[in-house]
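Chain and residue survey
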Amino acid sequence: MQFTSSWRSPSNIALIKYWGKHGIQLPHNPSLSFTLSECHTNMHMQVMPNASSPGLDLKYDGKDAPAFRPKMKAFFDRLADHLPWLASSAVLIDSVNTFPHGAGIASSASAMSAAALCLADIDDQLNGRVTSLSNEWIKRVSRFARLGSGSACRSVFPIASIWGKTANVEESTDEHAISWSEQVSPLYHDYRDTILIVSSGEKSVSSSAGHELMNSLPYAQTRYAEAKNNIQSLIEIMRTEDRVEEFISICESEALQLHALMMSGKNPYVLIEPNTISIIKEVWQYRKETNIPVCFTLDAGPNVHLLCPASFIVPVQDWVNTTLVQYCAGGVYIPDRTGNGPVKLI
Ligand code: DP6
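Residues numbered from 1 in each chain as written. Predicted model: local features only at pLDDT ≥ 70, side-chain atom pairs only at ≥ 80, totals over all residues. Heavy atoms only, no water.

Describing the overall build of the protein chain
Along its length, the protein chain carries eight helices and 14 strands. Against the compact-globule benchmark of 20 Å for 346 residues, the protein chain has a radius of gyration of 20 Å, which places it among compact chains. Out of the 346 residues in the protein chain, the part that is buried amounts to 55%. For the protein chain, long-range pairs separated by at least 24 residues make up 76% of all intrachain contacts whose partners lie at least 6 apart in sequence. Carbon and sulfur atoms form 52% of the exposed surface of the protein chain, whose accessible area is close to 14,800 Å². (Helix = DSSP H or I, 4+ residues; strand = E, 2+ residues; numbered from the N terminus. Rg over C-alpha atoms; globule rule 2.2 N^0.38 Å. Buried < 20%, exposed > 50% of the residue type's maximum accessible area, 1.4 Å probe, protein only. Contact = heavy atoms within 4.5 Å. Areas by Shrake-Rupley, 256 points an atom, 1.4 Å probe, with all protein chains shown as cover.)

Side note on the packing of aromatic side chains
One pass over the full model with this rule turns up 11 aromatic pairs. Put simply, the rings of Phe 34, Tyr 188, Tyr 191 and Phe 247 pair up and form one aromatic cluster. (Phe/Tyr/Trp six-rings, centres within 6.5 Å; stacked < 30°, edge-to-face > 60°.)

Thoughts on the nonpolar core
Counting residues in hydrophobic clusters, the biggest one holds 38 residues, and the most contacted among them are Met 45, Met 72, Phe 75, Phe 76, Ile 93 and Leu 119. Taken together, the elements giving at least two residues each to this core come down to β1 (3-16), β4 (31-48), β5 (55-60), α1 (69-78), β7 (90-97), α2 (108-126) and α3 (135-148). The leading source of residues in this core is α2, at nine residues. Judged by nonpolar contacts, the second largest core, of 35 residues, contains Leu 15, Leu 187, Ile 235 and Cys 251. (Core = buried A, V, L, I, M, F, W, Y, C linked by side-chain atoms within 4.5 Å.)

Focus: the environment of Ala 260
Structurally, Ala 260 is set in helix α6 (residues 244-262). Overall, Ala 260 belongs to the partly exposed group, its relative accessible area being 38%.

Here we look at the packing of α1 against α3
The angle between the axes and the distance between the axes are what describe a pair of packed helices. Between α1 and α3, whose axes approach to 8 Å, the crossing angle comes to 130°. It follows from the interaxial angle that α1 and α3 lie oblique. For the pair α1 and α3, the crossing hand works out as right-handed. Counted together, Lys 71, Phe 75 and Arg 78 of α1 and Phe 144, Leu 147 and Gly 148 of α3 form the full contact between these two elements. Of the residues belonging to the contact of α1 with α3, the class tally is three nonpolar, one polar and two charged. (Axes fitted to C-alpha atoms, helices over the stretch in contact; angles between N-to-C directions. Parallel < 35°, antiparallel > 145°, perpendicular 65-115°, else oblique. Left-handed = near helix turned anticlockwise from the far one by under 90°. Nonpolar A, V, L, I, M, F, W, Y, C, P; charged D, E, K, R; others polar.)

Thoughts on the packing of α2 against α3
Two elements in contact, α2 and α3, have axes separated by 8 Å at closest approach and are oriented at 130°. Judged by the inter-axis angle, α2 sits oblique to α3. In the crossing of α2 with α3, the sense of the turn from one axis to the other is right-handed. Contacts between α2 and α3 involve Met 112, Ser 113, Ala 116, Leu 117, Ala 120, Asp 121, Asp 123 and Asp 124 from the first element and Trp 137, Arg 140, Val 141, Phe 144, Ala 145 and Gly 148 from the second. Grouping the constituent residues of the contact of α2 with α3 by class yields eight nonpolar, two polar and four charged.

Laid out in structure tokens, this is it:
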């Protein structure tokens, strides 16, 4: 007997950053992200339970893809208690990302959330349950996704989500993310994220190694406290549309702090490039000159996420084409926006 499932799942960009973890993929501080729309993974999974030769076969666009194997294998091992049939199954995964391969965009959030969706779907089939896509079901998927990659647990909700125990947010937990779309003003339901590809190379230090280094950083506790303060402020700021200046201030501060943490301690490293800095300076100057509320955030790499409300995208896009494209590797950027979360395929 064979079971199959296909899902599309998006990437996400954190505004309040998850940086530092403990235990089994538990965050030291809560994070808040926008779910993206255009950058996603399409995944097809095939499971044969009680297989004569159990194992994991990974393909990218139909071709063998061993590079992703260690992370997927670790994910499957962590799921053993939740999905007891997994260990004796033959699993075939074929996936493809819609963002350019080697664009330096982390695919773990979209890929691990897609895998979590397929696995939860197949678990329902195996146990004769009709998948309901209820709130409870999505939370279960988010919990699974977290075990694959922390940030992946936020990708399964539309528009915005929060992961990690957060003061005054009753439902919040370190175990899985929760939806945060209804709590933000309509302004943030169509926010634009133009992803400027500064470098398409592989990261020199993985996120996992970066999280690990936080454990030896003298500033770690201060950072976790700061993130907790920032998320409290951002939650209030995003409830209305007239506090965009404060939104900008927190987003940019979080992005720079993330990289400042990497550049600290006894084993510092630098992931931003000269062109990352050039773009940041251009953003500050453009905002001063035009009053257009565009700002940047960064993830664990040199690429810049340029955020602005949808109503400003025309001048911002013009400015990207005339001024910022020179800082992009091969002139590449990806116009993205807040999106509605995963979609079941076929
Ligand atoms: C900087 O989720 O990639 O993008 O849990 O080890 O897989 P693992 O790490 P990962 O870390 C993401 C870090 C970040 C910030 C964020 O997305 O919150």
